[in-house]
Amino acid sequence: MNATDLNRSRRIKPLRTRPSGKWRLAWRNRDYYVLLIPGLLFLLLFKYTPMYGVLIAFQNFNIFDGIRGSEWVGLAQFHKLILSEEFGQVFMNTLLISVYKIVLLFPVPIVIALVLNEVRRMFFKRTVQTIIYLPHFLSWVIISGLFVTILSTSGGLVNNIIQWFGGEPISFFVSNQYFRSLVVFTAGWKEVGWNAIIFIAAIAGIDQEQYEAAAIDGAGRIRRMLHISLPGILPTIVLMFILRLGSVLDAGTEQILTMYNPVVYETADVIGTFVYRIGLGKMDYSFSTAVGLFNSVVGFILVISGNYISRKLLNRGIW
Amino acid sequence: MNKRTKGDLLLDISVYLFLIVLALVMLLPLANVFSKSVSEEWAIISGKVGILPIGFQLDTLKEVVSSAMFLRAFGISVGVTVVGTVLSIILTALTAYPLSKRNLPGISFLMVLFIFTMLFSGGLIPSYLLMRELHLINNLWVLILPGMISVFNMLVIKSYYESLPEALEESARIDGAKTYTVLFRIILPLSMPVLATIALFYAVGYWNDYFGPMIYINDTALKTLQLYLQDVVMDASAANVTNKSVDDLMNMSPEGIRAATVVASTVPILCVYPFVQKYFIKGVLIGSVKG
């Protein structure tokens, strides 16, 4: 619906040309703005007020004095952040886990979508889809529970198998060597099936005539998969990849919070969990907010540039 | 064209093999934990339980499900989920409507206000301090209010509204319908599939939320199911689970209790899942294809 339609629906008094037309149009459609009031109040209170609260990253915030009464310290918190060895470690952990997740997990949903497209038996296809979507709907706590059970050193399935082959049981959840692999694997277990949906949709949107034409030209199914399906979803792949890069500093806070413990802080503590531990655990509000702000700003820049690149390259973006 | 070449056969075999292995990987942890929750105690302790249960008993599950703490946490989660989902879907559906009228003066600016919150946020500590200020710590409303509108979900609904034929609205207007009548009598009823999908997403979000309760709820009496579950999973001592004396629990291992608690909290999702599945695929496609 555009302005002319809005006008057309109230044909009696046409609104145009006069400078006050805009205000009139708004007044005539005031019902729409009334509908927006609750949403805007929500936005102001729960989204924009915390943005104002970010100011405490530039203070030595004291909860009794509030933002107005606390002492301003400029960029001192950020100096502390850059010099802190712990933050360096946390930053590296975040990048490592995130990059592992992208490199190892991003291609899987694409493969799943391509492979599913080759299945002609609808019943089989639907059953597989139902099963691989399911983990997406389980909470991280439940998934931690599942994997604590299956990986337990006292009779867990995986360690039984390792022992059966003559290996030593591994305590995955308290091992700095294996914890990151565990994080990446469980993230994959939860989301690869679900993430395939968008690629499945993209394949469904490919013109069927292309397949028929290729078949007549003698292309086998493998060729059709590689030369029609894959190029057909390439724009979607690139778009999803660019967007994924935008969240590189979010390595999965909730997931890691439900899985980790002090033993593996060294390899598992990421920015999100660090902010939580320092801020709410040690009550260092200002420093923790500075870390969070750093995270938000970098994330913001990444998403904006990702979207910019995607618009340049593909003429599509999220906005 | 219908002749199958060797390559096709090979492809078929690999396709089916790949998908079967994938499905098994997804099912294995679930099968294992389910088996542990119903297996005999000796079999769990000696580590024999694999995919299938060994022996069969429902005592552990019964014990877990009848514990006062589990029931209370379960009830709180149900309450938060129901109230949260209803409020969220109403608010989101109403907010999306004006925003779908792109040529209204000022709407594009308001749109930017919404989208900006997807890209930038104050972060954990400022949000926490705000909730403190609002006296929402240890108040169950804190689990609902800050999440009432997900801008992403709102955008999905908005793009659905935009896909509805304009003629519908125009003819209603010519018949004298005002904005609210159009919205409630025409737009919303036509949007049921997408609203159902988004409602499901909200419900899953409220039900599975762990971070929110962990930060804002420290009162043991207000623990949600996920918080309670985390206690049991990470520290499966029997005392956490029931208020019975140790003697009563002699025949239950932490392992078995942990498995039973996980199963008891998963079953509700498994029950609803098959019924809502067909909706969400449709709904997701509506949202994603438009990109």
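Criteria and thresholds
Residues numbered from 1 in each chain as written. Chains lettered and ligands numbered in written order. Predicted model: local features only at pLDDT ≥ 70, side-chain atom pairs only at ≥ 80, totals over all residues. Heavy atoms only, no water. UniProt positions renumbered as here; feature names shortened; annotations may be inferred. Helix = DSSP H or I, 4+ residues; strand = E, 2+ residues; numbered from the N terminus. Axes fitted to C-alpha atoms, helices over the stretch in contact; angles between N-to-C directions. Contact = heavy atoms within 4.5 Å. Nonpolar A, V, L, I, M, F, W, Y, C, P; charged D, E, K, R; others polar. 1 Å grid on protein atoms, 1.4 Å probe; cavity = no way out; pocket = protein on both sides within 12 Å on 5 of 7 lines; lining within 4 Å. Points joined across faces, edges and corners; volume = space filled by probe spheres on them. Domains from an automatic or database assignment. Buried area = accessible area lost by both parts, 1.4 Å probe. Salt bridge = Lys/Arg side-chain N within 4 Å of Asp/Glu carboxyl O. Polar contact = N/O pair within 3.5 Å; in protein donor to acceptor, adjacent residues only side chain to side chain. Buried < 20%, exposed > 50% of the residue type's maximum accessible area, 1.4 Å probe, protein only.

A few words on the UniProt feature "domain: ABC transmembrane type-1" (unreviewed entry) in chain A. Following the UniProt record, the feature "domain: ABC transmembrane type-1" (unreviewed entry) maps to residues 91-306 of chain A here. In residues 91-306 of chain A, the share of helix is 75% and the share of strand is 0%. The end C-alpha atoms are 21 Å apart.

What follows is about the packing of helix α6 (residues 85-105) of chain A against helix α16 (residues 271-281) of chain A. Residue and element names in this part refer to chain A. With their axes 8 Å apart at the nearest point, α6 and α16 run at an angle of 145° to one another. Counted together, E86, F87, V90, F91 and T94 of α6 and I271, F274 and R277 of α16 form the full contact between these two elements. Broken down by class, the residue content of the contact of α6 with α16 amounts to five nonpolar, one polar and two charged.

So, on to empty space enclosed by the protein. Leftover empty space is mapped by rolling, across the atoms, a probe with the size of a water molecule. Residues and elements named next belong to chain B. Enumeration over the complete set of coordinates arrives at three cavities of 30 Å³ or more. Considered as a void within the structure, the largest cavity measures approximately 100 Å³ in volume. Along the wall of the largest cavity there are eleven residues; nearest its centre are K101, Y161, L164, E166 and E169. Taken together, the elements giving at least two residues each to the lining of the largest cavity come down to α7 (151-163) and α8 (166-174). Top element by residues in the lining of the largest cavity is α8. It accounts for three residues.

All names here are of chain A. Assigned domains of chain A: these are domain 1 (22-71) and domain 2 (77-314). Here the C-alpha centroids of domain 1 and domain 2 sit 33 Å apart. Contacts between the two partners involve nine residues from domain 1, matched on the other side by seven residues from domain 2. With both chains or domains summed, domain 1 and domain 2 bury close to 620 Å², and 70% of this area falls on carbon and sulfur atoms. Contact with domain 2 buries surface across domain 1, with V54, I56 and A57 losing the most and accounting together for 56% of the total. Connecting domain 1 to domain 2 are zero salt bridges. At the boundary of domain 1 with domain 2, the tally comes to four residue pairs in polar contact (both at pLDDT 80 or more).

Residue and element names in this part refer to chain B. Here V80 shows up in helix α4 (residues 68-99). For V80, a relative accessible area of 7% puts it in the buried group. Along the primary structure V80 and L140 are separated by 60 residues, whereas in three dimensions their C-alpha atoms are 7.3 Å apart.

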